[in-house]
Each structure stands twice: as structure tokens, then as C-alpha cells.
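# Breakdown of the fold
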Amino acid sequence: MAETDVRSNRFSRQIGYVHCFADKVKRFPGLARRETWKVGKDDPRRVVHAFKVGIALTIVSLLYLMEPLFKGIGQNAMWAVMTVVVVMEFTVGATLSKGLNRGLGTLLAASLAFLTEYIADAPGQIFRAVFIAVAVFIIGTMTSYVRFIPYIKKNYDYGVLIFLLTFNLITVSSYRIDDVWGIAQDRIFTIAIGCAICLVMSILVFPNWSGEDLHNNTVSRLEGLANSIQVCVREYFNDSEESACQDDSSEDPIYKGYKTVLDSKTTDDTLALQASWEPRYLRYCHRTPWHQYAKVGAALRYFSYTVVALHGCLQSEIQTPKSIRALYKDSCIRLGEEASKVLRELAKSIRNNRKFCPEILSNNLKEALQNLNSALKSQPQLILGSRNSRATNTPVQAVQHHDQKLEEDTRTSLPGIKNTGSSSRLGCRSREQSRELTKKVLRTQLSKVAIVNLEFSEALPFAAFTSLLVEMVAKLDRVMDEVEDLGRMAQFSEYEDDGNDHKIVVTCENQSGVASAGSE
């Protein structure tokens, strides 16, 4: 009977697995359709890029499919197809980086392989084999070591890899094939055709520039952080109880604002590297300082840590009463609004390629800080807690008092125990029970102490919230400095403040180092 039950249970589990797998197969078409639609809806350029790759592969395949072209190139036409598959990337910068690395690596490797074959061919067959083996060892060792250099790893790693691959293919195969120069020439020619098709499709047909993506991403992250701060401060004073109960952070606008900033390091570094390959120039043939965009992203990540902590205050289990928060509501909201305005002004400056005036932004922040400082000084006892709470027992005193009482109870309850083996075991058990009882009573005592000191503990979250606001303003200076450096390096246009009666043009610093302003 037991064996029959085991078999029936195993059979029922297998039937369940089959039903589960069939369920997944039925749902797969719908999931695939929704995911495919979502990818294209999030960024329609992906659909265009897919068509561009398909057209490029069709064009390069004609080298292999058409008889006249195949006779001229032969089996090496497949290298052109492989080049398009590997080199064709989403952005122009990535395509240029891979294409130039592949072309340069192939050219250098073919030249070095031809030189190696020329030297090894003179003395004889045995020396030729030894020389090729030594050359492969030396070049392979040196090339692999060079790839560890940070600058080479960052900019030319793919080119070095192609160099090593091409050199070994041509050099080793040259031992059995006489026409080495023909092999190198065909390889270079087919790779050049593939790279040319990729560059034409990437640059001339609906190009996607890495620099534009980096530029737009920086602007959107500044605006996202501004929205996060604004919503966070308003919710803390209006609907903090409701926001603290929210468990799904994926739908939280505050979380969305700083999440993209925290996850931006890899994307920013990659886009900045790819954009450095793109032929994008400013006035007077100056290149755009894409590396400075990466520094702005680093400053934003450093700043966003404070926003994360500020968001944590909303989700704290202990909250300051609304009656206390209402006294400082206007000052805190004003400070949060000013910080949001600064971030939006920085985003506007980058979007329009126009400088901003740091003096105006700093003055507004200083006024908001002074307003909050005055509000805190006007009611300091609300932050420090009630004086009556100082007279209550502390948790340490409560624990010490309970321990003394427990020892007295233990002594009176065990007056006649002798020092025997059984009595020692009984004593150990009684001590374990007393420890468990101590933990239970300790938690009860601590909860009572927490209730007594609730007024002071409720003031602490608000003190943390205000200190984070001040810290956020202090870290905002670093972001302003990086954006100001970006405007100077990228030669943004001068700041203009359009008023009703006159226009003020502010130049932050002239050649003599003195700030100047002009008005009309």
C-alpha cells in the first residue's frame, strides 16, 4: 500500500508538471507579443535600427549571392557578412568605434603577418616553422598583456583582439599556403566593404547619436530628481501616513526619479566613450566635452543618495505628529521647492546649451535655508522633546532593576538545593528558564519605556528629515559646479534674463577674472 501511494503521488506530480508546462506554452505567444510591443513602444528607434540591420545584411549578402561579385571575391565574401553582423550597432559612435577598431586591427595584423612571412621564408622550411611558432608566441603574449592597460582596455580592446585573431590566422595558415598576400588582401578588402556599409547605414539613414542620448539622459535625470524632491517633501507634510503604507515602490514617482540616476554609471560611461568617436564639433572646431557629462552624472549619483534617505523618512515606522510638522511645513516646502528649481534650471541650461547664473540660484537657496533656520530657532523645544521625559527611567535602568529583582526571586524560590549532579542540572535549567523570562520581561519593559519616551522619539524623525534637507542643499553645490564647468567647456551661450522693462546679460567671469553685467 505504501509503495502504491508513493507511485500515485509521483504520477500526480508528473501530471502537474505537464499541466504547468502546457500552461506556459499557451501563455507564451501572448507574453511574447506584449513584450515585443513594449520594446518598440519604449523606443521606436529600435524598430528602425532592426530594419537598417536587415537592409545592410541584404546588401552585403549580394557579394556572395551574385555570380560576378562572387567570382571577384570568392569565399572571403563571408567575412563581409560577419563584419556587418559584428560591427553594426545601435548608435553611430558604437558603430564607428567597432568599425575603426576592426579595420585598423586587421590592417596592422595583415602587415605584420606579411613581414613575418617574408623573414621566415628565406632560410628554409625548418627555420620557417620555428620562426612562425616563436612569432606567434611573442605577439600573442605581448598583445594579451597590452589588453590589461586601462586606456587600451577602454578604447581599443576590440581592435587589439581583432589584431591578434587576424595575425594568427594569416601567419599560421601561411605555412601551408604560398599566396599569403592574397589572403591578407582579400581579408582587408572584404572587411572594408562590410565596415563601409555599416557606416553608411548608421550615419546617413536615420542616425542615432550617442552624444544626443547622453545629453538627453542627463537632462531627464535632473528633471526626475527635481520631481522626486518636490513630491517627497509635499507628501511628508500632507500624506505621509498613506505614502508610508505603500509597498509597491515600482509605481512610486519618487522611486522612479532617483532609480534612473543610481543605475546610470555604466550607461553614462559607455555613451561618453562612444560619443568621443563621433564627428561632432562645436564652434571653432572644438569637440564636445562628453567626459564632462559623465562627471555631471557622477555628481548626480552622489546627490541622489540624500534623496534616497529623504524618501526613507516617508516610510519610517515612527512619524512626527502633524501638529509639530505643521509648524515647519512652509519653511521645509520652500527649501524643497528651491532645490527642485535649481535642478530644473540646470536641466534647462543643458537642454538649451545656455549658461545659468549661479549667484541667483545660490541666493534663493540661502534665503530658504535662513527661513528654515529661523523657524527651527523659534520652537527649539519641539525638536529636543519634552523636559518631563528626561525624568523617566531609561532602558538601561529598567533592565538593571529587573535583573536585581529576578536574582532575588531566584534565591528565595530555591533555598534548599544541594550541590549534587541532579541539583546542578536543575540549576542550569532554572537559569535557562530565568534567561528566557528575562528576555520576555525585557521586551515588555522596553516597550513600556518606549511608550513613556514616545514624545522624544517622535521628534527624532523630523530632525533627521530637516538635516537631510540641509545636507541635500550642501551637495547641490557640487552638481552646480559640474554643470557650470560643462557650460564653460562646451561654450554654452551667455545667460540672459528677460525682464518686462529691460534685459540683463550676465557674464559670470571675463578674462580678467572680474564678474561683469550689462543692461539695456
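These numbers come from a predicted model, not from an experiment.

## Examining the packing of aromatic side chains
Applying the stated rule across the entire model yields 12 aromatic pairs. Measuring from ring centre to ring centre gives 5.3 Å for tyrosine 236 and phenylalanine 237, while their planes differ by 85°; the resulting arrangement is edge-to-face. With relative accessibility at 9%, the residue phenylalanine 237 sits in the buried group. Ring pairing ties together the aromatic residues Tyr236, Phe237, Tyr328, Phe462 and Phe465, which thus form one cluster. Positioned above the aromatic ring of tyrosine 158, the side-chain terminus of lysine 98 is 5.4 Å from the ring centre.

## Describing the pattern of salt bridges
This model, assessed by the stated rule, comprises 17 salt bridges. Where lysine 38 meets aspartate 42, a salt bridge forms, and the shortest distance between an N and an O atom there is 3.1 Å. You can see lysine 38 and its partner aspartate 42 sitting in helix α1 (residues 2-42), four residues apart, about one turn around the helix. Exposure remark for lysine 38: the relative accessible area of 44% places this residue in the partly exposed category. Here aspartate 268 ties to arginine 301 by a salt bridge, and the two come within 3.7 Å at their closest N and O atoms. With a gap of 33 residues between them, aspartate 268 in helix α13 (residues 265-275) and arginine 301 in helix α14 (residues 290-314) connect regions that are remote in the sequence. Accessibility assignment for this pair places aspartate 268 and arginine 301 in one class, buried.

## As for the UniProt feature "transmembrane region" (unreviewed entry) in the protein chain
According to UniProt, the feature "transmembrane region" (unreviewed entry) maps to residues 47-65, 77-96, 103-120, 126-146, 158-176 and 188-206 in the numbering used here. Across residues 47-65 one finds 100% helix and 0% strand; the C-alpha atoms that close the span lie 27 Å apart. Along residues 126-146 the backbone is 100% helical and 0% strand, and the end-to-end C-alpha distance reaches 30 Å.

## Remarks on a nonpolar patch on the surface
Together, Leu62, Tyr64, Leu65, Met66, Leu69, Met78 and Met82 make up a nonpolar patch on the protein surface, roughly 610 Å² of accessible area in all. At the level of elements, α2 (45-65) and α4 (77-87) are the ones that each hand at least two residues to the nonpolar patch. It is α2 that contributes the most residues to the nonpolar patch, three residues altogether.

What counts, and where the lines are drawn
- Residues numbered from 1 in each chain as written.
- Predicted model: local features only at pLDDT ≥ 70, side-chain atom pairs only at ≥ 80, totals over all residues.
- Heavy atoms only, no water.
- Phe/Tyr/Trp six-rings, centres within 6.5 Å; stacked < 30°, edge-to-face > 60°.
- Buried < 20%, exposed > 50% of the residue type's maximum accessible area, 1.4 Å probe, protein only.
- Lys NZ or Arg CZ within 6 Å of the ring centre and 35° of its normal.
- Salt bridge = Lys/Arg side-chain N within 4 Å of Asp/Glu carboxyl O.
- Helix = DSSP H or I, 4+ residues; strand = E, 2+ residues; numbered from the N terminus.
- UniProt positions renumbered as here; feature names shortened; annotations may be inferred.
- Patch = residues over 30% accessible without salt bridge, like charges linked within 9 Å, V, L, I, M, F, W, Y side chains within 5 Å.
- Areas by Shrake-Rupley, 256 points an atom, 1.4 Å probe, with all protein chains shown as cover.

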